[in-house]
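# Coordinate inspection notes
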Amino acid sequence: MSAGTTALPPAPSRVVGPHYKWVVLSNTTVGVLLATLNGTSLMIALPVIFRGIHLDPLQPANFPYLLWIMMGYVLVSAAVVVTVGRIGDMLGRTKMYNLGFAWFTLGAVLLSAVWSTGSTGALELVILRMFQAIGGALLMANSAAIITDAFPAEQLGLALGMNMVAGILGSFLGILAGGLLSQLGWRWVFLANVPVGAFGTVWAYLKLKEIGVRIKAKVDWLGNIAFAGGLAMVLTGATYGIKPYGRSLTGWGDPFVLEMIFGGLALLVIFVVVEMKVAEPMFRLSLFRIRAFTAGNAASFLGAVGRGGLQFMLMIWFQGIWLPQHGYSFTRTPLWAGIFMLPFMLGFVFAGPLSGKLSDRYGARPFATSGMLVSAAMYLAMMAFPANFSYWPFAAVMFVSGVGGGLFASPNTASIMNSVPARHRGAASGMRVTFAQVGMPLSMGLFFTLLVFGLNAKVPSAMYQGLVAHGVPVASATQLSHLPPLGYVFAAFLGLNPLKSLLGPTVLGHLAPAQATALTSRAFFPQLIGPSFKHGLVIILAFAVAMSLVAAVASALRGVKFIHEDDESRDQKAQLTLGVVGSPNGNSAAAEAVPAGGATATSGQDCDASSPVPGDGTPEHTVSDALAGSSIPLAKPRQHRLLLKRVRHLGGGGYERRH
């Protein structure tokens, strides 16, 4: 039992039954669908949004707005998700989840109402996206914990797999929605989220119950500030590492970047020191003594570093090189890039629920580890394709790569969530999301750096020769060939013809019509940059292979199937099975099993820093022992036998179960 913390009795309204878990899954699925749809629709609509506020994102002075609109949401969400998960443990996960739905929806309304233009309008969009990110963090931190509360361990992998499939489908629908809605006007990209968010908010408030264990504790302000501030500074530094500084192609030598990264790391060290000393920490570092929790999060982080930036690179490969060479105008490539990457999503949809269901029976290790190995093999296969590849063989590789992602995601998440005590599920889920989300901006910064150096090795000479051959003056060709590669890479990503944007009307107006047409054609830029891009991409793919292999090793080290069970989680299972009704004194039967001093552990163990975390060697207790020591007020012996039978069916008994 934690020093200074007690489990609060549940609310009198906690009346649920065996079908409640499907209500939880359906509502959290809507939440995941909303969040992922919003993210991809925004990416597709970025060119229309910047045109709508009359701002050129490729101008050096405006480039930070582009970075922050793209990455600000992820940075804020990653920084606060553990904090809001911990608050969910204290005040109620369902309450925080419901607040997240309403918060996210309000953010969508405010974003659609931005009326300023220019840099002011861009700043308002950045700030409101960061505001909306807090709502997204409330949803993400608490949704997996709520699902874990509602589902027995034997079905958690299937439930999380179905939930993650909704996220993948939301990503695809967001691509279509962003492409179609942006034709009506950029505000519709945000307004389209409002009906879904309003429906999910009302449904959550009406249907979701507070069945999770709550703990009474004080807020660890110093720990929260140190963690959120440190993580935000590190990710900000990594994001600005992409931006050229002075004559350097990247910003890693920028004093601001170095101050952000090293200052952030110092704050994270302070966070660790604080968490080891305070009585009621924001996050119990002792959870990392649980092998399944630590190995699962390590594998998730390493996989995200290898995968997050790579998917962005594949989008650029499609948008800037492959699609223009196959007859698609630059303005249409963002939408069609998402459509042509559909095989990856289909692979994930195919493997996610299946691997989740199988992992419920056989454990997460074989599926999550195999998923990382499959991903590594597919990254190796991508290295063999030329810049202008044949689509269907590449689509097959993307499909198998999606299968690898599906094999990994839901078993790994279920393994992490099953391994922690019921009272810490919110904070543990927040830390899980943090590890996954932090990998993306770090991956983006690293992969863009590798790509920029790869491009700069070959593009300047090829661009100079190509421009001069088509009549561009030597001075202009020299200047353009030495521009940082990031400019034309982001131009292609935004659906702009890079050379048309870089040359401008002044240079193009002095060229012969045939020469100007050739330079701004669909084929010229892709043929110019294709081989150099592939050279940089091979370096990126090699790094992704290495990260995936290390992630596979981390996944294999998680051990055999491990499910943390204590009196609190067993009471929760009994309630979900029988639909326990509140007792005359206003507390549910499950609550009365908890003594006045709070939840007890049969062997006196909990996840405090001062006591061992249940793990290897913890004696397994029987269901009868657990029930014998409880005070569940059942009126008849027959009811006691029924409860015993059903809890046995759910796998109750002991802190852990190994298969």
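Remember, predicted model here, so these are calculated numbers, not experimental data.

### Structural notes on the overall build of the protein chain
Assigned secondary structure in the protein chain consists of 25 helices and two strands. Expressed as a percentage of its 659 residues, the buried residues of the protein chain come to 60%. Relative to all contacts within the protein chain whose residues are 6 or more apart in sequence, the contacts with residues 24 or more apart total 84%. Looking at the protein chain as shown, the accessible area adds up to about 24,700 Å², and 69% of this sits on carbon and sulfur atoms.

### As for the nonpolar core
Residues Trp317, Phe318 and Phe448 are the most contacted members of the largest nonpolar core, which totals 127 residues. For this core, the leading source of residues is helix α10 (residues 291-325), giving 13 residues. Apart from the residues within four sequence positions on either side, Phe448 is in contact with Ile242, Phe312, Met313, Ile316, Leu486, Val489 and Phe490. With 25 residues, the next largest nonpolar core counts Leu25, Phe104, Ile147 and Ala150 among its residues.

### What about the environment of Ala292?
Inspection of the secondary structure assignment puts Ala292 in helix α10. Note on Ala292: relative accessible area 4%, which makes it buried. Spatially, the C-alpha atoms of Ala292 and Ala556 are 9.8 Å apart, while their sequence positions differ by 264 residues.

### Here's the deal with helix α1 (residues 20-52)
The terminal C-alpha atoms of α1 lie 45 Å apart, and with 33 residues this matches the ideal 48 Å at 1.5 Å per residue to within 8%. Considering bend angle alone, the principal kink of α1 is centred on Ala45 and spans about 60°; proline Pro47 follows within four residues of it. Directly beyond the C-terminal end of α1, a positive phi value near 60° is found at His54.

### Focus on the environment of Thr520
Tracing the sequence through the fold places Thr520 in the loop between α20 (513-519) and α21 (524-556). Between the alpha carbons of Thr520 and Pro498 there is a distance of 8.3 Å; along the sequence they are 22 residues apart. For Thr520, the contacting residues outside a window of four places in its chain are Asn497, Lys500 and Leu508. Here the side chain of Thr520 touches Ala516 through a polar contact of 2.8 Å, landing on its backbone oxygen.

### Regarding unusual backbone geometry
At His54, a residue that is not glycine, the phi angle is positive and equals roughly 60°. Structurally, His54 is set in the loop between α1 and α2 (63-91). Residue class for His54 comes out exposed when judged on its relative accessible area of 62%.

### A short note on the side chain of Gln319
Note on placement: Gln319 falls in helix α10. Using a relative accessible area of 1% as the deciding quantity, one classes Gln319 as buried. Non-local contacts of Gln319, meaning those with residues more than four positions away in its chain, are made with Pro324, Phe330, Thr333, Pro334, Ala337, Ala492, Phe493 and Leu494.

### What to know about the side chain of Thr201
Considering the arrangement of structural elements, one finds Thr201 in helix α7 (residues 193-207). Classification of Thr201 by relative accessible area gives buried; the value is 12%. In terms of polar contacts, Thr201 uses its side chain to reach the backbone carbonyl oxygen of Phe101, at 3.5 Å. Among all residues touching Thr201, those that are not within four sequence positions of it are Phe101, Ala102 and Thr105.

### Remarks on the layout of surface pockets
Computed from the structure, the largest pocket encloses a volume of approximately 810 Å³. For the lining of the largest pocket, the elements supplying multiple residues, two or more each, are α1, α17 (474-481), α18 (485-493) and α19 (498-509). Residues belonging to the lining of the largest pocket are distributed by class as follows: 20 nonpolar, five polar and three charged.

### Considering the packing of aromatic side chains
Scanning all chains against the criterion turns up 36 aromatic pairs. Each ring, one from Trp68 and one from Tyr240, has its centre 6.3 Å from the other, and the planes form 55°; the classification is tilted. With Trp68 in helix α2 and Tyr240 in helix α8 (residues 221-240), this pair connects stretches of sequence that are 172 residues apart. Judged by relative accessible area, Tyr240 falls into the buried class, the value being 16%. With centroids separated by 6.4 Å and ring planes inclined at 35°, the aromatic side chains of Phe350 and Phe399 adopt a geometry described as tilted. Of the two residues, Phe350 is situated in helix α12 (residues 342-362) and Phe399 in helix α14 (residues 391-418); the sequence distance between them amounts to 49 residues. Note on Phe350: relative accessible area 52%, which makes it exposed. With a relative accessible area of 32%, Phe399 lands in the partly exposed category. In textbook terms, an aromatic cluster arises when at least three aromatic residues are bridged by ring pairs, as seen for Trp317, Phe318, Trp322, Tyr328, Trp336, Phe340, Phe385, Phe389, Tyr391, Trp392, Phe394 and Phe533. Sitting above the plane of the Trp115 ring, Arg187 keeps its charged end 3.9 Å from the centroid.

The rules behind these values
Residues numbered from 1 in each chain as written. Predicted model: local features only at pLDDT ≥ 70, side-chain atom pairs only at ≥ 80, totals over all residues. Heavy atoms only, no water. Helix = DSSP H or I, 4+ residues; strand = E, 2+ residues; numbered from the N terminus. Buried < 20%, exposed > 50% of the residue type's maximum accessible area, 1.4 Å probe, protein only. Contact = heavy atoms within 4.5 Å. Areas by Shrake-Rupley, 256 points an atom, 1.4 Å probe, with all protein chains shown as cover. Core = buried A, V, L, I, M, F, W, Y, C linked by side-chain atoms within 4.5 Å. Expected span 1.5 Å × (residues − 1). Bend = angle between axes of the 7 residues up to and from the residue. Polar contact = N/O pair within 3.5 Å; in protein donor to acceptor, adjacent residues only side chain to side chain. 1 Å grid on protein atoms, 1.4 Å probe; cavity = no way out; pocket = protein on both sides within 12 Å on 5 of 7 lines; lining within 4 Å. Points joined across faces, edges and corners; volume = space filled by probe spheres on them. Nonpolar A, V, L, I, M, F, W, Y, C, P; charged D, E, K, R; others polar. Phe/Tyr/Trp six-rings, centres within 6.5 Å; stacked < 30°, edge-to-face > 60°. Lys NZ or Arg CZ within 6 Å of the ring centre and 35° of its normal.

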